[in-house]
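In case you want the letters, here they are:
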Amino acid sequence: MTPQLLLEIADEARKFIGSKRSLELATVTQNGQPLASYAPFYRSNPGIFYIFVSTLAAHTSNLDNANFDNSIASILIIEDEKNTPQIYARARLSFQCITDEVPPGVSEFDEALGKLKEIHGAVITTLSSLADFKLFKLTPQSGRYIKGFGQAYEIDSRLTQAKPVAR
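Rules and cut-offs
Residues numbered from 1 in each chain as written. Predicted model: local features only at pLDDT ≥ 70, side-chain atom pairs only at ≥ 80, totals over all residues. Heavy atoms only, no water. Helix = DSSP H or I, 4+ residues; strand = E, 2+ residues; numbered from the N terminus. Rg over C-alpha atoms; globule rule 2.2 N^0.38 Å. Buried < 20%, exposed > 50% of the residue type's maximum accessible area, 1.4 Å probe, protein only. Contact = heavy atoms within 4.5 Å. Areas by Shrake-Rupley, 256 points an atom, 1.4 Å probe, with all protein chains shown as cover. Lys, Arg positive; Asp, Glu negative; His and termini not counted. Charge placed at Lys NZ, Arg CZ, Asp CG, Glu CD. Polar contact = N/O pair within 3.5 Å; in protein donor to acceptor, adjacent residues only side chain to side chain.

## What about the overall build of the chain?
Point 1. Across its full length, the chain carries four helices and nine strands.
Point 2. Reading the chain from its N terminus to its C terminus gives the helix and strand order α-β-β-β-β-α-β-β-α-α-β-β-β.
Point 3. For a compact globule of 167 residues, the expected C-alpha radius of gyration is about 15 Å, and the chain comes in at 17 Å, within 12% of that figure.
Point 4. In the chain, which comprises 167 residues, the share counted as buried stands at 38%.
Point 5. A separation of at least 24 residues holds for 64% of the contacts in the chain among residues at least 6 apart in sequence.
Point 6. For the chain, the exposed surface amounts to about 9,400 Å²; the carbon and sulfur share of it is 52%.
Point 7. Between the mean site of the 17 positive side-chain charges and the mean site of the 18 negative ones, the chain shows a separation of 6 Å.

This is the structure we're talking about:
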């Protein structure tokens with residue numbers, strides 16, 4: 001593949017993720033059990049994902065570094081079923097992430113919450129008034145963009161570089 005084509009694929013991945021508002025979230029419990037869920041998100045310029053979630057949700061304790069030496073999560077952003085011509089080849093973007101809570105009172109918290117409000121509306125103001133909501137950042141470590149059959153690419157967290165997955 002030419003370098004230009006790989007740049008175009010990275011650009012396509014940026015447009016794909018820019019059209020989405022929520023992500024699928026895979027976490028692991030303290031007992032090693034997998035848990036699948038979802039959360040609305042904001043993605044910052046350097047490629048960090050922010051989610052604002054309730055402590056009443058099972059995934060929140062799985063994200064919390066206080067419960068684990070290293071909290072990790074896998075995220076998936078996937079094309080809607082109704083928009084795909086082939087259900088086995090849905091476009092999708094996944095990242096393996098390290099998770100960290102962002103505490104209230106720091107500028108990162110205020111900035112991310114402001115962006116979440118821009119994207120998701122006034123519900124963020126309501127949720128931020130509740131004591132059980134926490135802000136987490138999910139920092140991608142590795143990623144993969146799948147365009148369809150035979151079109152799998154390793155992709156960086158900033159979505160600027162893609163390379164074909166070795167077969």
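## Some details on the side chain of Ser54
Point 1. Looking at the secondary structure, you find Ser54 in strand S4 (residues 49–54).
Point 2. Among the residues examined, Ser54 registers a relative accessible area of 11% and is labelled buried.
Point 3. Engagement of the side chain of Ser54 in a polar contact is seen with the backbone nitrogen of Leu56, the distance being 2.9 Å.
Point 4. In terms of polar contacts, Ser54 uses its side chain to reach the side chain of Asp132, at 2.4 Å.
Point 5. If near-sequence neighbours (up to four positions away) are discounted, Ser54 is found in contact with Thr60, Asp132 and Phe133.

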